[in-house]
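This is what each chain is made of:
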Amino acid sequence: MSHSKRSNIFLLDAERTTWHDETLWFVRQKRDKAVYATPEFQELRQLASDIKDHTLSRLDFYLQQFEENARRNGVQVHWAADAHEHNQIVLGLLKRHGATRVVKSKSMLTEECHLNPYLIKHGVDVVDTDLGERIIQLRDEAPSHVVLPAIHLKKEDVGDTFHLHLGTEKGNNDPQQLTETARQHLREKFLVSEVAISGVNFAVAETGSVVVCTNEGNADLGVNLAKVHIACMGMEKLIPRLSDLSVFTRILTRSATGQPITTYTSHFSKPAEGKEMHVVIVDNGRTKQLGRPDFRNSLKCIRCGACMNTCPVYRRSGGHSYDFTIPGPIGAILSPNIDMRKHASLPFASTLCGSCTDVCPVKIDIHTQLYKWRQVLGQEGEIPASKKWSMRLLSRVLSKPAVYGLGGKVARQGLRFLPHGLTHGKGYNPWAIARELPEPPKQSFREWYAQQAVK
Ligand code: SF4
């Protein structure tokens, strides 16, 4: 189903759409306040972009350096070419430890690899421990935002979910009581889990350590209580030196939620006494994207979500309409790389206003890449037949001034008399669903211009 069709489903609930739009705009405003209060923010942005550019240009070197240093620290490093291999590696590690209970924290990569359904199919009780992630896991939904996975839900939805799954009182929508219920519920899961899986915000090549940023402290709790820690990372998460880290921690949360820094910035360098630590490094299409000069910049993304919060299309269509782990403008660049046919409509889900590019803390040229994807998709024949043929027809009309002039004349007359139902038929003219045409002018621009010249 195309993005616009999925958006229509979200737009059916006008109240929710307005609320979604306003809430994310509020987050965007918080980001602005935090950014304006940091005079060196633009310099940090440039520095972050340069560090990422450099790292991507020598990714093979830094990956090897990371692996060597991690192994020296006693960490076991695994390589996965794709999502399936990643899932197999994780399951293999669980089986080796006879583990059937797992807690998980902060990992969009495991969402991308569909790890949860894979583990559940193999008899593993896997529990997401971020509050937002747990809410949507209970509802059997995907995250709709990279930082605020349950942003599409209201407290009433959460109350209903907790009543159904965690036995809270029907109609209890009190955020404090619901949070306390989640805390108690998750604590039970933390205490019995044999393995903790975490994501990785940054992997430092120089030290072989990984850094996880959370506001709830759940990654720390999970890792410290379980015997085995499995950190799953995309290969683009690398930064060269520990001294580079502060650049990213300063821009990440300011861009995401307007906070100066996350509550917990946890460094995991080696396994604790008697425990094991594993890092799974995943490609899953990243090498392919690295090899596309027009799109490699997208691998600089630090998943702050700022481009989503500012995007007028994302705010009004919801994250699920993108049908991809990473929604919004950056998701629309990353997704066709993985499956061009399935995600062909996403680069068109943009006004190309450039607001995403303006807020991106690592200076990804998001709207330019969206525009480039449209050209690639056109050349690959991955656009709907109606768009393809109408564009071909338009190109012929525009290339012949006489035909263009005649077409304009016919349209100016015809639009005065044609019934509204015919010009605005929703079935064949989606443009007109939310728009009215202006009164047709009496003369063409050329006629008007010629008149002015005579005067
Ligand atoms: S593309 Fe830029 S703004 Fe969007 S999530 Fe990534 S880093 Fe943040």
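Refer to the structure presented above.
From a predicted model like this one, the values you see are computed outputs, not experimental measurements.

Procedures and definitions
- Every chain's residues receive numbers from 1 upward, in the order its sequence appears when written.
- Under the rules for a predicted model, residues below a pLDDT of 70 receive no local features and side-chain atom pairs below 80 are neither given nor counted, while totals for whole chains, interfaces and linings still include all residues.
- As a convention, hydrogens and water are excluded, and side-chain values are obtained from all of the structure's heavy atoms.
- The helix count covers DSSP runs of H or I at least four residues long, the strand count covers runs of E at least two residues long, and both are numbered beginning at the N terminus.
- Each residue gets one of three labels from its accessible area relative to the maximum for its type: buried under 20%, exposed over 50%, partly exposed in between, using a 1.4 Å probe on protein chains only.
- Any two residues whose heavy atoms approach within 4.5 Å are treated as being in contact.
- All accessible areas in this document rest on Shrake-Rupley with a 1.4 Å probe, and a residue is counted as covered only by the protein chains that are shown.
- One side-chain nitrogen of Lys or Arg within 4 Å of one carboxyl oxygen of Asp or Glu is enough to make a salt bridge.
- In this analysis a 1.4 Å probe is tested at points of a 1 Å grid over the protein atoms alone, and where it fits but cannot get out there is a cavity; an open set with protein on both sides within 12 Å along at least five of seven lines is a pocket; lining residues have an atom within 4 Å of a point.
- Grid points are joined across faces, edges and corners, and a volume is the space filled by probe spheres set on the points.
- Note that Gly is not counted as nonpolar here; it falls among the polar residues with everything else outside the nonpolar set of Ala, Val, Leu, Ile, Met, Phe, Trp, Tyr, Cys and Pro and the charged set of Asp, Glu, Lys and Arg.
- Nine residue types can take part in a nonpolar core, namely buried Ala, Val, Leu, Ile, Met, Phe, Trp, Tyr and Cys, and a core is a set of them joined through side-chain atoms within 4.5 Å.
- Criterion used throughout: strands pair if DSSP finds at least two bridges between them.
- Interaxial angles span 0 to 180 degrees and are taken between N-to-C directions of axes, which are lines fitted to C-alpha atoms, for helices over the stretch in contact.
- Summary of the distance rule: residues count as near a molecule or strand when at least one heavy atom falls within 4 Å of that molecule or strand.
- Criterion for pocket placement: a molecule counts as inside a cavity or pocket if more than half of its atoms are within 2 Å of its grid points.

**A short note on the overall build of the protein**
Consideration 1: Summing up its helical and strand segments, the protein has 22 helices and 10 strands in all.
Consideration 2: Referenced to the eigenvectors of the C-alpha coordinate spread, the extents of the protein come out at roughly 90 × 55 × 45 Å.
Consideration 3: Counting only residues that meet the buried cut, the protein has 50% of its 455 residues in that class.
Consideration 4: Sequence-distant contacts in the protein: of pairs separated by 6 or more residues, those separated by 24 or more amount to 73%.
Consideration 5: Surface exposure of the protein reaches about 22600 Å², of which carbon and sulfur atoms provide 55%.

**Some details on the pattern of salt bridges**
Consideration 1: Throughout the structure, instances matching the rule amount to 27 salt bridges.
Consideration 2: Here Asp130 and Lys106 are joined by a salt bridge, their closest N and O atoms 3.1 Å apart. Of this pair, Asp130 sits in the loop between strand S3 (125-128) and helix H8 (131-138) while Lys106 sits in the loop between strand S2 (101-105) and helix H6 (108-112), and the two are 24 residues apart along the sequence.
Consideration 3: Judged by relative accessible area, which is 5%, Asp130 ranks as buried.
Consideration 4: Judged by its relative accessible area of 32%, Lys106 falls in the partly exposed class.
Consideration 5: Connected through salt bridges with shared partners, the residues Glu112, Glu236, Arg286 and Arg303 form a single ionic network.

**What about the side chain of Thr17?**
Consideration 1: The residue Thr17 is located in helix H2 (residues 14-36) in this model.
Consideration 2: Among all residues touching Thr17, those that are not within four sequence positions of it are Phe10, Leu11, Arg315 and Arg316.

**A closer look at empty space enclosed by the protein**
Consideration 1: Applying the stated rule across the entire model yields four cavities of 30 Å³ or more.
Consideration 2: Space inside the largest cavity adds up to approximately 140 Å³.
Consideration 3: Along the wall of the largest cavity there are 14 residues; nearest its centre are Glu112, Arg286, Arg303, Leu334 and Ile338.
Consideration 4: By residue number, the principal contributor to the lining of the largest cavity is helix H16 (residues 328-338), which donates three residues.
Consideration 5: Considered as a void within the structure, the second largest cavity measures approximately 100 Å³ in volume.
Consideration 6: Looking at side-chain class alone, the lining of the second largest cavity contains 13 nonpolar, one polar and one charged residues.

**Overview of the nonpolar core**
Consideration 1: Counting 52 residues, the largest nonpolar core has Phe202, Phe248, Ile251, Ile326, Ile330, Val362 and Ile366 as the members making the most contacts within it.
Consideration 2: Top contributing element to this core by residue count: helix H12 (residues 242-256), with six residues.
Consideration 3: Listed in part, the 31 residues of the second largest apolar core include Ala70, Val103, Ala205 and Leu238.

**Here's the deal with the sheet that holds strand S1 (residues 76-80)**
Consideration 1: Pairing in this open sheet of six strands is parallel, and the strands run S1-S10-S7-S4-S2-S3 from one edge to the other. Both outer strands of the open sheet, S1 and S3, are each paired with one neighbouring strand and no more. Across the sheet, the mean angle from the axis of one strand to that of its neighbour is 20°, orientation sign disregarded.
Consideration 2: One ladder, built from five bridges, connects S1 with strand S10 (residues 276-282); its direction is parallel. Among the inter-strand pairings, Ala80 is bridged to a residue of S10, identified as Val282.
Consideration 3: In this fold helix H4 (residues 59-72) packs onto S1, strand S7 (228-234) and S10, with an angle of close to 145° to the strand it touches most, S1.
Consideration 4: Against the sheet, helix H11 (residues 218-225) contacts S2, strand S4 (195-198) and S7, and its axis sits at roughly 150° relative to S2.

**As for the layout of surface pockets**
Consideration 1: Within this model, the second largest pocket holds a volume of roughly 1100 Å³.
Consideration 2: Taken together, 49 residues make up the lining of the second largest pocket; nearest its centre are Lys106, Val147, Leu148, Pro149 and Glu216.
Consideration 3: When residues of the lining of the second largest pocket are traced back to their parent elements, those giving at least two are H6, H8, helix H9 (155-166), helix H10 (175-192), strand S6 (209-214), S7 and H12.
Consideration 4: Among the elements that take part in the lining of the second largest pocket, H8 stands out by supplying four residues, more than any other.
Consideration 5: Grouping the constituent residues of the lining of the second largest pocket by class yields 25 nonpolar, 13 polar and 11 charged.

**Examining the site of the ligand**
Consideration 1: In the vicinity of the ligand lie 13 residues, with Cys301, Cys304, Gly305, Cys307 and Cys360 positioned nearest.
Consideration 2: Most atoms of the ligand, that is more than half of them, are within 2 Å of grid points of the second largest cavity.
Consideration 3: Grouping the constituent residues of the shell around the ligand by class yields 11 nonpolar, one polar and one charged.

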